[in-house]
Amino acid sequence: MKGLLTPTSVAIIGASNDETKLGGMLVKNMIDAGFKGKLYPVNPKGGEIQGLKAYTSVTEIGEPIDLAVIAVKNALVPAEMPKLKQAGIKYASILTAGFKEESAEGAELEKQLIAAAAENDVKFLGPNCFGIMNPGHGVNATFAHLIPKAGNITMFSQSGAVGSSIIDWAYYNDMGLANFITFGNKACVDEADLIEAISRDDETKVIGMYLEGISNGEKFVKAIENMPVKKPIVVFKSGRTQAGSAAASSHTGSLAGSDAVNNVIFKKLNIHRALDLDEMFDAISVFSRCKPMEKDGIAIITNAGGLGVMSADAAFDAPMISAVKFSEETINEIKTRVPTVAGLTNPIDVRGDAKPEYFREVIDIVTKDPSVGGLVIMGSPLDTADLEAVAESIVAMKDQIPVPVTCCFAGGHKCEKANKILRDGRIPCYPTPDRAVRALSILRRYKVNSEAQQDPLKVPAVTGGGREVSKKVLDKARAEGRDSLTEAEGKEIFAAYGIPTPGEASVNSADDAAKECDRIGYPVVMKIISPDIKHKTDVGGVVVGVKNADEAKAAYTKIMDSCTKAVPDARIDGVSIQQMVSGQEVILSMIRDAQFGPVVSFGLGGIYVEILREISQAHVPMSEQQLDNMIQSTKAYKLMSGARGLPEADIEAMKDTIKRIVLIAVENPEIHELEINPVIVGLKGKGCWAVDALCTLVKE
């Protein structure tokens, strides 16, 4: 991808002398960026364009060309692909709009472009993209005249408008870019295609992405998992409020919509998901300008008590860091060297009239405290404070500070010069205390997650037939034109994979119900059997706590009457009888996301799944540690692990069941959703049981 990212020769197809036209802007921007390579304007009229010789076609140039930048009418773009092949050009950036984003005709034209590019071995960005930028190599093949300085940030953006905001932010905040790449319609090259090259890029320290959609989830995951050089990634994924899947029929399916799956994927890949542009810029800044954060504890220095309180609150709320308790040695040294200090706890208040040397002394002392892994410096623009001198002091001693540092000079006009000094000195500065603290928490999370052990999931052996049995069940449902299984069919798959279920039977009369209940043993639960009734309780299809034969007969009659009235067109195959088991109720499910594949969900079961709406998820394949994290992050785990004197549940048996669900998901791609609500988890050593089974099939 070197020819795309750091081209040494560029042809601009659609070049113009008119700088108000796209083709003219591109030529001017490349010249103004100081491009040191060879620039070839291409225009059917030939002649000279902006002082450069123009060519009527790329085929006329006769020199090696790394990249073609295309800005001609949309109808003409596909015809350029054979010309690129003839000229030996393998990469293109297509800024032309008017494709699938605009109309059905444009969508058809885009298909023609994709086919023509594939036939001629051309990889391209776009169409409808904003272009690319590499300040360090003098490349500005965008229609933004502003170009930030060279630096260590690579930015991906699906949107040109957001890309323009990113460029402006980088320029204003003196943040240097290694690469700036936009994808537009992503008809060919997407983020995953460039991850390996950016990972190997020595100039890139952090990768930022603005995403509106991920076109190929599996490819995206593999590309990041296989990065040859791991680097922090910050993603701002828009469209969060469009979460949820109308096709989801399970409880967890409705709670765990597509955007929730994005969160699962980003967490698995150690990507920081920013919830807005401010957070994206904050995170990119701290990764770009700070060293890794090796310890959780932070020290806070301020010249204003109020800012100190704010930052202490922020540190308390931050998930990955905390304000340290300084050692006695640290406190005594501060007393000796800075006797005028107003507060010796953390935050340290050096007072509103503190001289720059007071800040320097305290910084030197606290960063040597063995508990300190990061430093936050706060400043208020009091008339008694010289924030510019303080900023200069911080920058001057930056290389001697052994931990990452963030700053907040909270204000506006009176802080701007000081903030600029910090920005110029590559110290990340933020407008509010909470953002300065949060940045260090983001930095620490990446370090912790990077070092976390990830052992492959140990899937238990299966002796009940596994895939062979389940395939017969699934094929039968397909043959009958069904997109869901009955509970009995779902439990047949469970049995094939070794998932325990309570004793049960299926009956078609009240007398048989009494007979089977006597055989299984009381108490029992009785449920309707119907492929057309997914949520049985809602239609009176469940009776629990049946204690004798008379109650069994009455329950059978009640269930049949309720269901035939509530769902008159439903196919009813009888009533199931199940042994009632006791323990903690949890919910366990799998849903096959259209982009990323199987995602397993876990949480409190029964009625609590809807009331508390607490679901923890993990993407398949998962590690042993990811399985543990999914379980332990829930209230269900707190209840099962013996909290407040409660008896400990059989968590190991539950984990075994989850692992078998993972195996079912991997081996049975026909299954779209699989839910057990509830799984009853008995006391420690007693096992667990799948009491219910909801299973839907992937639609053909």
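Everything below is about the structure shown above.
These numbers were taken from a predicted model, which means no experiment stands behind them.

1. Let's talk about the overall build of the protein chain
Okay, step 1: Within the protein chain, the regular secondary structure consists of 24 helices and 29 strands.
Okay, step 2: Projected onto its principal axes, the C-alpha coordinates of the protein chain cover approximately 95 × 80 × 40 Å.
Okay, step 3: Residues classed as buried in the protein chain amount to 56% of the 700 residues present.
Okay, step 4: Expressed as a percentage of contacts within the protein chain between residues at least 6 apart in sequence, the contacts between residues at least 24 apart total 71%.

2. Examining helix H3 (residues 77-87)
Okay, step 1: For H3, the full list of buried residues reads Val 77, Pro 78, Glu 80, Met 81, Leu 84 and Ala 87. The arc that holds every buried residue of H3, seen down its axis, measures 155 degrees, which confines them to one face.

3. Regarding the pattern of salt bridges
Okay, step 1: On inspection of all chains with the given rule, the structure shows 47 salt bridges.
Okay, step 2: Residue Asp 259 pairs with Arg 273 through a salt bridge whose shortest N-O separation is 2.9 Å. Pair noted here: Asp 259 is in helix H9 (residues 258-268) and Arg 273 is in strand E14 (residues 271-274), with a separation of 14 residues, a long-range link. Across this residue pair, the class does not change: Asp 259 and Arg 273 are buried.
Okay, step 3: Ionic pairing is found between Asp 511 and Lys 553, a salt bridge with its closest N-O pair at 3.7 Å. One end of the pair, Asp 511, is in helix H19 (residues 510-520); the other, Lys 553, is in helix H20 (residues 549-566), and 42 residues separate them in sequence.
Okay, step 4: For Lys 553, a relative accessible area of 34% translates into the label partly exposed.
Okay, step 5: One network of salt bridges, in which partners are shared, links Lys 476, Glu 480, Arg 482, Glu 489, Arg 571 and Asp 573.

4. Focus on the pairing of strand E21 (residues 524-529)
Consecutive residues of a regular strand have side chains that alternate between opposite faces of the sheet.
Okay, step 1: Within E21, six of the six residues are buried, leaving the element largely enclosed by the surrounding structure.
Okay, step 2: Examined bridge by bridge, E21 and strand E22 (residues 542-546) share three bridges and lie antiparallel to one another. What sits directly across from Lys 527, in E22, is Val 542.
Okay, step 3: Here E21 pairs with strand E23 (residues 574-579) via six bridges, running antiparallel. Pairing of Val 524 across the sheet is with Gln 579, part of E23.

5. Regarding helix H17 (residues 466-479)
Okay, step 1: Between its first and last C-alpha atoms H17 spans 20 Å; for 14 residues at 1.5 Å apiece the expected length is 20 Å, and the two agree.
Okay, step 2: Residues of H17 that are buried include every one of Gly 466, Ser 470, Val 473, Leu 474 and Ala 477, and no others. Each buried residue of H17 lies within a common arc of 95 degrees when the element is viewed along its axis, so the set occupies one face. Along H17, exposed side chains directed more than 90 degrees from the buried face belong to Glu 468, Lys 472 and Ala 479.
Okay, step 3: Looking at the packing, one finds that the buried side of H17 touches helix H18 (487-496), strand E27 (671-681) and strand E29 (694-697).

6. A closer look at the sheet that holds strand E5 (residues 67-70)
Okay, step 1: Pairing is parallel in the open sheet, where five strands are placed in the order E2-E1-E5-E6-E7. Here the strands that pair on one side only, and so sit at the sheet edges, are strand E2 (38-42) and strand E7 (123-125). Going across the sheet, the axis of each strand differs from the next one's by a mean of 20 degrees, ignoring polarity.
Okay, step 2: Relative to strand E6 (residues 91-94), E5 runs parallel, the two being bridged by four bridges. Counterpart to Leu 67 in the pairing with E6 is Tyr 91.
Okay, step 3: Those strands touched by helix H2 (residues 22-32) are strand E1 (9-13), E2 and E5, and its axis lies near 160 degrees from that of E1.

7. Some details on the nonpolar core
Okay, step 1: Among the nonpolar cores identified, the biggest contains 48 residues, and Ile 12, Phe 156, Ile 181, Leu 194, Met 209 and Phe 220 are the most heavily contacted of them.
Okay, step 2: Apart from the residues within four sequence positions on either side, Met 209 is in contact with Met 155, Phe 156, Glu 191, Ile 195, Phe 220, Ile 233, Val 234, Val 235, Phe 236 and Met 280.
Okay, step 3: Membership of the second largest hydrophobic core comes to 46 residues, among which are Met 133, Ala 318, Cys 408 and Tyr 430.

8. Some words on the packing of aromatic side chains
Okay, step 1: In total, this model carries seven aromatic pairs according to the counting rule given.
Okay, step 2: Where Phe 156 meets Phe 183, the ring centres are 5.3 Å apart and the plane angle is 90 degrees; that geometry is what we call edge-to-face. Placement of the pair is Phe 156 in strand E10 (residues 150-157) and Phe 183 in the loop between strand E11 (177-182) and helix H6 (191-200), with a sequence separation of 27 residues. Both residues of the pair, Phe 156 and Phe 183, count as buried.
Okay, step 3: These aromatic residues form a ring-pair network of at least three members: Phe 130, Phe 143 and Phe 180.
Okay, step 4: Sitting over the ring of Tyr 172, Arg 423 keeps its end group 5.2 Å from the ring centre.

9. Quick word on the sheet that holds E23
Okay, step 1: Read across the sheet, four strands follow the order E20-E23-E21-E22 without closing on themselves; strand pairing throughout is antiparallel. Bordering the open sheet on either side are strand E20 (504-507) and E22, each of which pairs with just one other strand. Pairwise comparison of adjacent strand axes, ignoring direction, gives a mean angle of 20 degrees for this sheet.

10. What about the packing of helix H13 (residues 356-366) against helix H14 (residues 387-396)?
Okay, step 1: H14 packs onto H13 with a crossing angle of 35 degrees between their chain directions and a minimal axis gap of 8 Å. In this structure, H13 crosses over H14, and the sense of that crossing is right-handed. Taken together, the residues of H14 that come into contact with H13 (itself represented by Pro 356, Phe 359, Arg 360 and Ile 363) are Ala 389, Val 390, Ser 393 and Ile 394.

11. Remarks on the pairing of strand E19 (residues 405-409)
Okay, step 1: Counted residue by residue, E19 has five buried out of five residues, so it is predominantly covered.
Okay, step 2: Side chains of E19 alternate between two faces, with Val 405, Cys 407 and Phe 409 and Thr 406 and Cys 408 buried alike.
Okay, step 3: Pairing between strand E18 (residues 372-379) and E19: five bridges, direction parallel. Bridge assignment links Val 376 to a residue of E19, and that residue is Thr 406.

12. Some remarks on the packing of H17 against H18
How two helices pack is summed up by the angle between their axes together with the distance between the axes.
Okay, step 1: Taken N-terminus to C-terminus, the directions of H17 and H18 make an angle of 165 degrees; their axes are 8 Å apart at the nearest point. One way to sum up the angle between H17 and H18 is to call them roughly antiparallel. When the axes of H17 and H18 are compared, the crossing they make is left-handed. Touching Gly 466, Val 469, Ser 470, Val 473, Leu 474 and Lys 476 of H17 are Glu 489, Glu 492, Ile 493 and Ala 496, all from H18.

Quick notes on the rules
Residues numbered from 1 in each chain as written. Predicted model: local features only at pLDDT ≥ 70, side-chain atom pairs only at ≥ 80, totals over all residues. Heavy atoms only, no water. Helix = DSSP H or I, 4+ residues; strand = E, 2+ residues; numbered from the N terminus. Buried < 20%, exposed > 50% of the residue type's maximum accessible area, 1.4 Å probe, protein only. Contact = heavy atoms within 4.5 Å. Arc of directions from axis to C-beta. Salt bridge = Lys/Arg side-chain N within 4 Å of Asp/Glu carboxyl O. Pairing = 2+ DSSP bridges. Expected span 1.5 Å × (residues − 1). Axes fitted to C-alpha atoms, helices over the stretch in contact; angles between N-to-C directions. Core = buried A, V, L, I, M, F, W, Y, C linked by side-chain atoms within 4.5 Å. Phe/Tyr/Trp six-rings, centres within 6.5 Å; stacked < 30°, edge-to-face > 60°. Lys NZ or Arg CZ within 6 Å of the ring centre and 35° of its normal. Left-handed = near helix turned anticlockwise from the far one by under 90°. Parallel < 35°, antiparallel > 145°, perpendicular 65-115°, else oblique.

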